[in-house]
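Topology and contacts: notes
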Amino acid sequence: MKSLNHLGVIFFPAYDWAISPTHPEREERLLYTQDQLREEGVFDLANITEYKPDIATYADIERTHFCFPGPEVVTTESHLVAAGGAIKAARLVMEKEVDKAFALVRPPGHHAMKVVHGNRGFCNINNEAILVEFLREHYGIQKIAIVDTDCHHGDGTQDIYWHDPDVLFISLHQDGRTLYPGTGFSDELGGPTARGRTINIPLPPYTADEGFLYVIDNLVLPILDDFKPELIINSAGQDNHYGDPITNMNFSAQGYAVLNRKLNPDIAVLEGGYSIHGALPYINLGIVLAMAGLDFSHVREPDYHPESLRQSPQISEYIKKLCALTMQNYRKPPPLNVKPNQYDTRSRSIYYDTDGINDLQVEQIMVCPSCSGVRHLTSKTRSHASCMGIEIPIDACPRCRDEGYRLLHAGRSNFRGKTIKFINRRDKEYLTLNEFELTPMGRYFF
Amino acid sequence: MLLGIDVGGTHTDAVIIDHEGVVATAKVETDHNDLIASLDAVLEKILQSEPKRPIRKVNLSTTLTTNAIVEKELEEVGVLAVSGPGLAPAHFNQDLGQNFYLFAGSIDHRGALQQPLDKAATTQAINDCQTKKIKVFAVVSKFSTRNPEIEEAMAELVFEQSDFTTIGHRLSGHLNFPRRLATAYYNAAVWRRYNVFADAVGQSIRKHHLDAPLSILKADGGTIDFKNSRNHPIQTILSGPAASVMGIIALSSITEDAIILDIGGTTTDIAIFADGTPLLEKNGVSFGGRATSVRAINTNSIGVGGDSAITISSAGEIRVGPKRMGPPLALAGPQPTLIDVCNVKGLSALGDCRKSLIGLKALADKYGITIENITENALETALETIHGEALKLLEEINQRPVYTVAEVVHGAAIKPQKLYIMGGPAAILAPLLGRKFALPTEVPDNFAVANAIGTALTRTTMEIELFADTGKKLMFIPNLGIRKTIDNSYSLSQAQTYCINELVKYLNENGHPEITAADVSVVEAETFNMVDDYSAGSKSIRVSCQIRPGLETEYLQGIK
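Rules of the game
Residues numbered from 1 in each chain as written. Chains lettered and ligands numbered in written order. Predicted model: local features only at pLDDT ≥ 70, side-chain atom pairs only at ≥ 80, totals over all residues. Helix = DSSP H or I, 4+ residues; strand = E, 2+ residues; numbered from the N terminus. Rg over C-alpha atoms; globule rule 2.2 N^0.38 Å. Buried ≥ 20, exposed ≤ 12 C-beta atoms within 10 Å, placed from the backbone. Contact = placed C-beta atoms within 7 Å. Pairing = 2+ DSSP bridges. Domains from an automatic or database assignment. Nonpolar A, V, L, I, M, F, W, Y, C, P; charged D, E, K, R; others polar. Axes fitted to C-alpha atoms, helices over the stretch in contact; angles between N-to-C directions. pLDDT = per-residue confidence, 0-100. Expected span 1.5 Å × (residues − 1). Bend = angle between axes of the 7 residues up to and from the residue. Parallel < 35°, antiparallel > 145°, perpendicular 65-115°, else oblique.

Let us now look at the overall build of chain B. Looking only at helices and strands, chain B has 15 helices and 27 strands in total. For a compact globule of 560 residues, the expected C-alpha radius of gyration is about 24 Å, and chain B comes in at 26 Å, within 12% of that figure. Along the first, second and third principal axes, the C-alpha atoms of chain B reach 80 × 60 × 50 Å. Counting every position in chain B, which comprises 560 residues, the buried fraction comes to 49%.

Turning to the overall build of chain A, a few remarks are in order. Across its full length, chain A holds eleven helices and 16 strands. Along the three orthogonal principal directions, the C-alpha set of chain A runs to about 70 × 45 × 40 Å. Burial status across chain A gives 57% buried among its 446 residues.

Taken residue by residue, the interface counts 38 residues in chain A and 33 residues in chain B. Of all elements in the fold, only β1 (7–12), α1 (31–40), β2 (48–51), α4 (77–94) and α9 (280–292) of chain A reach the threshold of two or more residues within the side of chain A that touches chain B. Here the side of chain A that touches chain B gets seven residues from one element, more than from any other, and that element is α1 of chain A.

This next bit is on the pairing of strand β4 (residues 100–105) of chain A. All names here are of chain A. A large share of β4 lies buried, amounting to six of its six residues. Here β4 shows two buried faces, one formed by Lys 100, Phe 102 and Leu 104 and the other by Ala 101, Ala 103 and Val 105. As paired elements, β1 and β4 share six bridges and run parallel to each other. Paired with Phe 11 across the two strands is Leu 104, which belongs to β4.

Another aspect to go through is unusual backbone geometry. All names here are of chain A. Across the junction of Arg 106 and Pro 107, the peptide omega takes the value 0 degrees, indicating a cis bond. Assignment of secondary structure puts Pro 107 in the loop between β4 and β5 (115–116). Of the consecutive residues Tyr 180 and Pro 181, the connecting peptide bond is found in the cis state with omega at -5 degrees. Note that Pro 181 resides in the loop between β7 (167–174) and β8 (198–203). The phi dihedral of Lys 96 is positive, around 60 degrees, even though this residue is not glycine. Secondary-structure assignment places Lys 96 in the loop between α4 and β4.

With that out of the way, let us pick up the domain arrangement of chain B. Residue and element names in this part refer to chain B. Split by domain assignment, chain B resolves into domain 1 (77–190), domain 2 (256–443) and domain 3 (462–556). With centres defined by C-alpha atoms, the gap from domain 1 to domain 2 works out at 42 Å. At the interface, eleven residues of domain 1 touch seven residues of domain 2. Residue composition of the side of domain 1 that touches domain 2, grouped by class: four nonpolar, five polar and two charged.

Time to look at the sheet that holds strand β25 (residues 482–485) of chain B. Residue and element names in this part refer to chain B. Pairing in this open sheet of five strands is antiparallel, and the strands run β25-β24-β23-β27-β26 from one edge to the other. Only two strands of the sheet have a single neighbouring strand rather than two, namely β25 and β26 (520–530). Ignoring which end each strand starts from, the neighbouring axes of this sheet average 10 degrees apart. Relative to strand β27 (residues 538–547), strand β23 (residues 462–469) runs antiparallel, the two being bridged by eight bridges. Bridging across to β27, Leu 466 finds its partner in Val 543.

Before going further, it helps to spend a moment on the environment of Gln 335 of chain B. Residues and elements named next belong to chain B. Inspection of the secondary structure assignment puts Gln 335 in the loop between β20 (318–324) and α8 (338–344). Sequence separation between Gln 335 and Arg 324 is eleven residues; the distance between their C-alpha atoms is 9.3 Å. Apart from the residues lying within four places of it in its own chain, the contact partners of Gln 335 are Ala 309, Met 325 and Gly 326.

Moving on: the domain arrangement of chain A. Residues and elements named next belong to chain A. Considered domain by domain, chain A is made up of domain 1 (7–331) and domain 2 (343–437). Relative to domain 2, the C-alpha centre of domain 1 lies at a distance of 27 Å. At the junction of the two partners, domain 1 supplies 23 residues and domain 2 supplies 28 residues.

Per-residue pLDDT for chain A averages 94, and the proportion of residues at 70 or more is 97%. Counting contacts from residues 439–446 of chain A, a segment whose pLDDT is below 50, to residues more than four positions away or on other chains yields five contacts.

To continue, consider helix α5 (residues 177–207) of chain B. Residue pairs spaced three or four apart in an α-helix point in one direction, given the helix's 3.6 residues per turn. All names here are of chain B. Its 31 residues give α5 an end-to-end C-alpha distance of 43 Å, which sits within 8% of 45 Å, the value for a rise of 1.5 Å per residue. At Trp 191, α5 shows its largest kink, close to 45 degrees. Backbone geometry just downstream of α5 places His 209 in the positive-phi region, at approximately 60 degrees.

By secondary structure assignment, the location of Lys 392 of chain B is in helix α10 (residues 371–398). Taking the C-beta count within 10 Å as the criterion, Lys 392 of chain B has 13 such neighbours and is therefore assigned partly exposed.

It is worth spelling out the packing of helix α7 (residues 209–227) of chain A against helix α8 (residues 253–263) of chain A at this point. Residues and elements named next belong to chain A. Two numbers describe how α7 lies on α8: the axes approach to 10 Å, and their chain directions differ by 10 degrees. Overall, the two elements α7 and α8 adopt an arrangement that is roughly parallel. On α8, the residues that touch Asp 209, Phe 212, Leu 213, Ile 216, Asp 217, Val 220 and Leu 221 of α7 are Gln 254, Gly 255, Val 258, Leu 259, Lys 262 and Leu 263. The class makeup of the residues in the contact of α7 with α8 is eight nonpolar, two polar and three charged.

A word on the pairing of strand β1 (residues 2–7) of chain B. Residues and elements named next belong to chain B. The buried count for β1 comes to six of six residues, which makes it a mostly enclosed element. Side chains Leu 2, Gly 4 and Asp 6 of β1 all project onto a buried face; the interleaved residues Leu 3, Ile 5 and Val 7 project onto the opposite face, where all are buried too. With six bridges connecting them, β1 and strand β4 (residues 57–62) associate as parallel partners. Paired with Leu 3 across the bridge in β4 is Val 58.

See below:
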């Protein structure tokens, strides 16, 4: 018999918020999950407690994201509550009020990148990243692993921690050649200062329980063993389910529960999952029971027929090879062609599918041998002429810190854009400079 | 005129109230082993003093079912249950006796029958119960408040064998299978004992020529009509504290957020009011070691009262309660109590104050400390315990999860504006508690019979839930057993109107002709767009409406 955990569940279904009345992200999404959890009497169990979410502050968001023009424009109250749910989960665990916590909240967040102009992939702000930065800010946690088990590549979380060697990001998802957002290939391994700290496992369509659990046993757990994070966070998307209407996988509620038991995360945060009648009530119940250390062997969808969900031998073979290759990439990532102590540049076009925004972004990272490197980017959309973001990382060396301030001063004098966002995680200084405060002549510093 | 009788743990109180106020009171000691004798005695006494005018209504609060459960005087119940997939079945047999049977079958969260009842196994279990001479049953299935067909099938199979069967979905429309199980089990287990008692109550009432309608107090600060209570005896648990809370509403004019303290000899009961209405337990009350779905006023009972014994631990810590060893020294008790402390501090002058002083002095000398040290600390501990526990209850209520953005962001927390204190030591402690809480206080007059006044003035309460699925074209009110087809244009406002009307109709037909739609308040009314495989047009509608706990308003003026 496994020992019991005291589990805190922050259940926030946002019954008054939807992207549109028939959008997958609508009021109804967690209704049946709540019905199921209530009918099972889950919250009457001695080791499971339900909590109210906190409300995230703009400071929590601006510590994590470059929001253009500002967090008050790119978020609604619902986003603050969902992120606040993740923060509450972190607080409960850190204050040892519970052993583990599950933020069963919506709207989701894992497609929200470092720069936020609006909603992409149903997400505005990244709940997990806001949680991680909250942990670092208030509890001094350093090494964290985020394991993203949503069917869609967690491109937002990947982007935020692309240059961060202390946050290991692992994403299991349906192959980007067949599904939004079309990224998350094996060779996406992190930036020059964090090589091998981003791990992508693109799985073929129709991967079933066997395949997912093979990846967990043979790749994810060994990597976590090696990385030794202080805390494991599960981005618990539920759209790998065989019943999900917008994906093509064959994962089951039992599979999710077993995965959770093996992964043993400290905190889980709900992401996607849109089979709201047939899958979510059962997956969520399975995860809750698994996290609480309770027997989940009787959790089963009404239409569950494991024999019809078996994956083909070809898929099993493919996954085996993929795991071997990925393990090699983690251990010895192929080096990048970069020069130390110089900027490495990425130019990208990022599309916000929900809000129809196109962001042209140029990002530079200092290839610093002694820290994660100062990050400097410019971002251009049709509505916001041009914006700039500067981030001094939490582990910044004195040189990168000074470089960050040099960039800020240079930006003040020369930048002909709309907004500059400045994040100094090392010394906890956060600034927003708006158009009218910017002077092309460089005379009116403040 | 109204007659209220509260058969309490120690005393049985009765009051008669007319428009002028309380016209008669009577008090007798409760005979624990013969509640009917206590009822007879108090009726005898009060009707002697007020024999003339006609009684319009009789309300009775009794500890019968409460005691039966606490003392485990429970009849063997055949519990027939269907859980289906989900939590492991071991979770559901919460010591519900030796005769708990679980059968195959399943209904999902939308009320779709996924697997029919295993009738052969059910029949076998019923036969097994027959050989064990079990005559009362509880039939409960998961999601029966969405679709009752499995419970109904079990009830039909057991019908011939049983004197009484409790059907899960008729107890409450809420979702919570384990609570439904425990509540159905209790209801069946106390049914026979309650009905024997009810027969005797009927005789006693007739003997005293009271032909007014009789209602029984419930834990939620309301009443249930006598005839109905025979099938729902579980509703009558914990009616004592509810009667006290309703009593204080009658004696004061509570309109704001408030804290209510009922300070007795052994305990202090704390209740929280929002906008003048007592708050109920969120999912039902926990009682006798099991969580139930019985609606109840949320009260917290702590072990500090006027007769709480003052003791000093080996570490030198001065303690108040939680035990009562007897009355204060001043009233010839065996040990110093909180009241003795108040006597010594000059806050009260109850009984022989000299005895208080001598006793506390002896205690102080024994531990080599000053008497001031003891009295100061004991009083502060008592006040701090009451204050701390009240704030804890308040925090618990304010931290209850809510499920909309609007409620999380803009939901108003309960902020008590006033402290209402009743019970024996109320007047003594009120100024000190007021300072501790930093709130104005009120101690109502007449609080000695507040419970009986509350009993007399309490009106009926009831809550029902409606669940409609326009995709399945079905509407269901579990508590009333109403299940009808609807068309797919069925709307939230239709559902709401129907739900209110059915509640009124039911109560009108069950002893409460005075209830109208104006008495009904809607607790919850929600509609969700459902997007199915073939359509995006259907809706999941959930309505819940209730008659709130309330008092016979026309009599209130006289009382105050």
